[in-house]
Amino acid sequence: MAGSIPVDEMPSDLFAENRSHFSSPMDLFDDRKLVKICAPMVRYSKHAFRKLVRKYDCDLAFTPMIISDSFVRSIKARDTEFTTSKDDRPLIVQFAAKNSDEFASAAEIVAPFSDGVDLNCGCPQR
């Protein structure tokens with residue numbers, strides 16, 4: 001996608017300037033009566049769509065569900081499933097995981113480039 005940065009090429013200080021207006025996504029609920037959230041949607045919540053909804057004042061966006069085991073093992077999966085940019089904040093990354101180790105490893109990878117992680121417990125997975 002144009003303008004997106006693969007996670008392996010992102011400098012860790014890339015997002016420092018955009019974090020100055022909040023310290024955590026929960027701060028959004030202190031400042032506003034209405035918080036507009038774009039929930040994770042299969043195939044739709046990728047970077048380009050998140051940029052679009054932010055253009056229309058979305059306050060908080062989620063990635064689509066990412067399968068944690070392939071994300072941890074494969075650079076190709078990381079590059080395909082997770083792209084972002086400095087204006088894509090605050091951002092919550094959603095994972096599906098079979099065990100806590102996979103979930104924790106995936107969360108560690110995206111931690112410098114996101115503001116939180118979400119464990120999908122609503123979609124049936126093997």
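Located above this text is the structure these notes cover.
Residues numbered from 1 in each chain as written. Predicted model: local features only at pLDDT ≥ 70, side-chain atom pairs only at ≥ 80, totals over all residues. Heavy atoms only, no water.

1. Observations regarding the pattern of salt bridges
Here comes step 1: Following the criterion strictly, the structure yields 7 salt bridges and no others.
Here comes step 2: Between Arg 50 and Asp 88 there is a salt bridge; the shortest N-O distance is 2.7 Å. Within this pair, whereas Arg 50 is found in helix α2 (residues 47-55), its partner Asp 88 is found in the loop between β5 (83-84) and β6 (91-96), the two being separated by 38 residues in sequence. For the pair Arg 50 and Asp 88, one class covers both residues: buried. (Salt bridge = Lys/Arg side-chain N within 4 Å of Asp/Glu carboxyl O. Helix = DSSP H or I, 4+ residues; strand = E, 2+ residues; numbered from the N terminus. Buried < 20%, exposed > 50% of the residue type's maximum accessible area, 1.4 Å probe, protein only.)

2. What to know about a nonpolar patch on the surface
Here comes step 1: A cluster of nonpolar side chains, contributed by Met 26, Phe 29 and Ile 37, occupies part of the molecular surface with about 300 Å² of accessible area.
Here comes step 2: Structurally, the position occupied by Ile 37 is in strand β2 (residues 37-38).
Here comes step 3: By relative accessible area, Ile 37 is classed as partly exposed at 42%. (Patch = residues over 30% accessible without salt bridge, like charges linked within 9 Å, V, L, I, M, F, W, Y side chains within 5 Å. Areas by Shrake-Rupley, 256 points an atom, 1.4 Å probe, with all protein chains shown as cover.)

3. A few points about the nonpolar core
Inside soluble globular proteins, nonpolar side chains tend to come together where they are buried.
Here comes step 1: Counting residues in each nonpolar core, the largest one holds 9 residues, listed as Ile 66, Phe 71, Phe 82, Leu 91, Val 93, Phe 95, Ala 106, Val 110 and Phe 113.
Here comes step 2: Going through the elements one at a time, β6 and α5 (100-110) are the ones with two or more residues in this core.
Here comes step 3: When residues in this core are grouped by element, the largest group, 3 residues, is from β6.
Here comes step 4: With residues near it in sequence (within four places) discarded, Val 93 still touches Thr 63, Ile 66, Phe 82, Val 110, Ser 114, Gly 116, Val 117 and Asp 118.
Here comes step 5: One finds Leu 28, Leu 60, Phe 62 and Ile 92 within the second-largest nonpolar core, a separate group that totals 5 residues. (Core = buried A, V, L, I, M, F, W, Y, C linked by side-chain atoms within 4.5 Å. Contact = heavy atoms within 4.5 Å.)

4. Concerning the environment of Ile 92
Here comes step 1: Following the sequence through the fold, Ile 92 ends up in strand β6.
Here comes step 2: Through-space distance from the C-alpha of Ile 92 to that of Phe 113 is 9.6 Å; in sequence the pair is 21 residues apart.
Here comes step 3: When neighbours within four sequence positions are excluded, Ile 92 is seen to be in contact with Pro 25, Leu 60, Ala 61, Phe 62, Thr 63, Asp 115, Gly 116, Val 117 and Asp 118.

The quantities given are spatial measurements derived from coordinates; they are silent on function.
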